[in-house]
Amino acid sequence: MKINSHMIKIFSLSICFLLIITVKGYCQEIKVVTEYLAPYQIEMPDGSVGGFSTEVLRAIFKQANKKPNIIVMPWARAYKVVKEESNVMIYSIAHTKARHDLFHWIGSLTKERLYFWGLKSRFPVPIDIEALLKGYLVTASKNSNISQYLIDNNFFNIYHITVEDQSMKMLYSHRVDLLVDTELNARYRAKKLGLDFDEMIKIKEVTALNNDLSFAFNLQSNLQLVRDFQKAYQEVKAKGILDKIKQKWQITGG
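Quick notes on the rules
Residues numbered from 1 in each chain as written. Predicted model: local features only at pLDDT ≥ 70, side-chain atom pairs only at ≥ 80, totals over all residues. Heavy atoms only, no water. Helix = DSSP H or I, 4+ residues; strand = E, 2+ residues; numbered from the N terminus. Buried < 20%, exposed > 50% of the residue type's maximum accessible area, 1.4 Å probe, protein only. Contact = heavy atoms within 4.5 Å. Areas by Shrake-Rupley, 256 points an atom, 1.4 Å probe, with all protein chains shown as cover. 1 Å grid on protein atoms, 1.4 Å probe; cavity = no way out; pocket = protein on both sides within 12 Å on 5 of 7 lines; lining within 4 Å. Points joined across faces, edges and corners; volume = space filled by probe spheres on them. Nonpolar A, V, L, I, M, F, W, Y, C, P; charged D, E, K, R; others polar. Core = buried A, V, L, I, M, F, W, Y, C linked by side-chain atoms within 4.5 Å. Pairing = 2+ DSSP bridges. Axes fitted to C-alpha atoms, helices over the stretch in contact; angles between N-to-C directions. Expected span 1.5 Å × (residues − 1). Polar contact = N/O pair within 3.5 Å; in protein donor to acceptor, adjacent residues only side chain to side chain.

Caption draft 1: Region of the structure containing the overall build of the protein. On a plain count of helices and strands, the protein comes out with eight helices and twelve strands. By residue count, 47% of the 254 residues in the protein fall in the buried class. Partitioning the intrachain contacts of the protein with sequence separation of at least 6 by distance along the chain shows that 73% fall at a separation of at least 24. Working note: accessible area of the protein is about 13900 Å², and carbon and sulfur atoms make up 55% of it.

Below, the structure is given as structure tokens:
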């Protein structure tokens, strides 16, 4: 069959059209690391990851036309991965002053208020002076902002854990004296573990740890990718989607 210039032109236009459709419909997969931390990241019955922060994350990814590959691991490992690998996102991470220049920040989920917690049997009344708590054994996740705060403020008796649920189990079994958590997280974790939350007492607020809980990218990540997600976050927020998800999960932080 003889191929004329008209047929070649039609063929070329068809190829270009298919390429445009393919590029437009392409949904890039992004690696996302996190830990289980109710109610922010929860393991669902089907093995997927749910929770307040995860729902917000999925809304942002949908807005950005990207697909999240969520990998759950101990926080210390997740933090190491996002520090070392480009184009990797981490959530839910506290946006602290010390971390500000270490990541590209996408947007805030909520503002946390953290407290020292103990058992009422050990602490009948709250303690106003933080220095009086430094002799007690306190537990914290390795490489967490809580751990860094305790180290920086000369808490010399720290028991580092790798799985968040360990902290409350150890508290209730009298293996540690204190843990640091938000009231929301503490309630969820106690319920999950079948423990009586009313046995705990809020001892003292750690105001220096009251930071935004956020999404962040590795510092060496593609800048256009970062901008795309920052834009998607603002659009999700402007549409009221973030507020609706907060209402669903009864998240009251700013």
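Caption draft 2: Spatial organisation of the layout of surface pockets. What the largest pocket holds in volume is close to 350 Å³. Along the wall of the largest pocket there are 18 residues; nearest its centre are Thr96, Ala98, Asn145, Gln148 and Tyr149. A total of six residues in the lining of the largest pocket trace back to one element, the largest contributor, which is helix H4 (residues 145-152). Split by residue class, the lining of the largest pocket holds seven nonpolar, eight polar and three charged. Each pocket or cavity is described by its volume, and for the second largest pocket that value is around 240 Å³. Lining the second largest pocket are 13 residues, and of these Lys111, Arg113, Thr182, Leu184 and Thr252 lie nearest its centre. Of all the secondary structure elements, the ones that give two or more residues to the lining of the second largest pocket are strand S6 (103-111) and helix H6 (183-192). By residue class, the composition of the lining of the second largest pocket is four nonpolar, five polar and four charged.

Caption draft 3: Examining unusual backbone geometry more closely. For the peptide bond that leads from Ala38 to Pro39, omega is 5 degrees, which places it in the cis range. The residue Pro39 is located in the loop between strand S1 (28-34) and strand S2 (42-43) in this model. Cis geometry is adopted by the peptide bond preceding Ser92, which originates at Tyr91 and carries an omega value of -15 degrees. For Ser92, the location among the structural elements is in strand S5 (residues 88-95). Notably, Asn143 is not glycine yet its phi reads approximately 70 degrees, a positive angle. With respect to the helices and strands, the residue Asn143 is situated in the loop between strand S8 (138-141) and H4. The backbone of Asn154 sits at a positive phi, close to 65 degrees, despite the residue not being glycine. With respect to the helices and strands, Asn154 occurs in the loop between H4 and strand S9 (158-161).

Caption draft 4: Geometry of the nonpolar core. One finds Phe52, Met89, Phe215 and Phe229 to be the most contacted residues of the largest nonpolar core, which totals 30 residues. The set of elements that each furnish at least two residues to this core consists of S1, helix H2 (52-63), S5, S6, strand S12 (212-218), helix H7 (223-238) and helix H8 (241-249). Membership of the second largest hydrophobic core comes to 17 residues, among which are Phe116, Ile127, Tyr149 and Ile201.

Caption draft 5: Representation of the sheet that holds strand S4 (residues 66-72) within the structure. Taken together, the five strands give an open sheet; going across it, the order is S4-S1-S5-S12-S6, and neighbouring strands pair in mixed fashion. Strands at the two margins of the open sheet, each flanked by one partner only, are S4 and S6. Direction aside, neighbouring strands of the sheet carry axes that sit 30 degrees apart on average. Relative to S4, S1 runs parallel, the two sharing seven bridges.

Caption draft 6: Molecular detail of H7. If you check H7, its first and last C-alpha atoms are 22 Å apart, about what 16 residues at 1.5 Å a residue would give, namely 22 Å. Where H7 begins, the capping side chain belongs to Asn222, and its oxygen is found 2.9 Å from the backbone nitrogen of Gln224. Immediately downstream of H7, the backbone of Gly240 shows phi near 85 degrees, a positive value.

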